[in-house]
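Okay, here's what each chain looks like letter by letter:
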Amino acid sequence: MPQDCLMQLQGLLSCGKPSLTDMERSPTIAESTSEAASESSSTSGALEECTAAAAWARSQRWQCDLCFEGFPYYERPWRLDQGRCAHTLCRRCVLGCVEWGHRCPYDNEPIPPIVVCGVMGTGQYIHHEKYEAARCTGGIPCVSADCPGVAPAADSAVPVACGGCRALM
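Residues numbered from 1 in each chain as written. Predicted model: local features only at pLDDT ≥ 70, side-chain atom pairs only at ≥ 80, totals over all residues. Heavy atoms only, no water.

Draft legend 1. Representation of helix α7 (residues 122-137) within the structure. The first and last C-alpha atoms of α7 sit 22 Å apart over 16 residues, in line with the 22 Å expected at 1.5 Å per residue. Residues H128, K130 and A134 constitute the buried set of α7. When α7 is viewed along its axis, its buried side chains cluster within an angular range of 165 degrees and face the same direction. Summarising the geometry of α7, the exposed residues directed more than 90 degrees from the buried face are T122, R135, C136 and T137. (Helix = DSSP H or I, 4+ residues; strand = E, 2+ residues; numbered from the N terminus. Expected span 1.5 Å × (residues − 1). Buried < 20%, exposed > 50% of the residue type's maximum accessible area, 1.4 Å probe, protein only. Arc of directions from axis to C-beta.)

Draft legend 2. Fine view of the nonpolar core. Ranked by size, the top nonpolar core spans 19 residues in total, and within it C64, L80, L89, V94, I111 and V115 carry the most contacts. Broken down by secondary-structure element, the contributors of at least two residues to this core are α5 (91-99) and α6 (113-119). Of all the elements, α5 adds the most residues to this core, at five residues. With residues near it in sequence (within four places) discarded, V94 still touches W78, L89, I111, V115 and V119. (Core = buried A, V, L, I, M, F, W, Y, C linked by side-chain atoms within 4.5 Å. Contact = heavy atoms within 4.5 Å.)

Draft legend 3. Looking closely at the packing of aromatic side chains. Applying the stated rule across the entire model yields one aromatic pair. On the numbers, 4.8 Å between centres and 25 degrees between planes, the contact of W62 with F71 is stacked. Accessibility assignment for this pair places W62 and F71 in one class, buried. Stacked on the ring of W78, the Lys or Arg R76 has its end atom at 4.1 Å from the ring centre. (Phe/Tyr/Trp six-rings, centres within 6.5 Å; stacked < 30°, edge-to-face > 60°. Lys NZ or Arg CZ within 6 Å of the ring centre and 35° of its normal.)

Below is the structure:
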């Protein structure tokens, strides 16, 4: 593909304003009219190449199996392919599935921990794991944001120490 066509396609896909270098590279009106007269036959070829490039960009898009939203090729599709599940979800839908039971909504397969970890940021993952451990053990999540520890549940008013950082709660 010609370089001009790729630059035009990138401008269309990014939906941004042209940069200063784009403005400097663009021909003036006088240059473009003289070039248009001499290149009328090559214009249709360039248009076909740009159309082909746009078709290629559209073919590289993928669709979430849950919300059916289309995403560009550079956004990560999260594949839940552990066991028999082969669904592809967007980040937002994976987070929703984690919140509502850690399972694929179509075939009830558990979402692999590596997908849960990859979808969440570090702080969000620590928070998630801390509350998940507290729910399973019946304990109290640590008050420190970066500590993944859980304190045992206390029946009295005596403060208990976190199992990870030893902070009193």
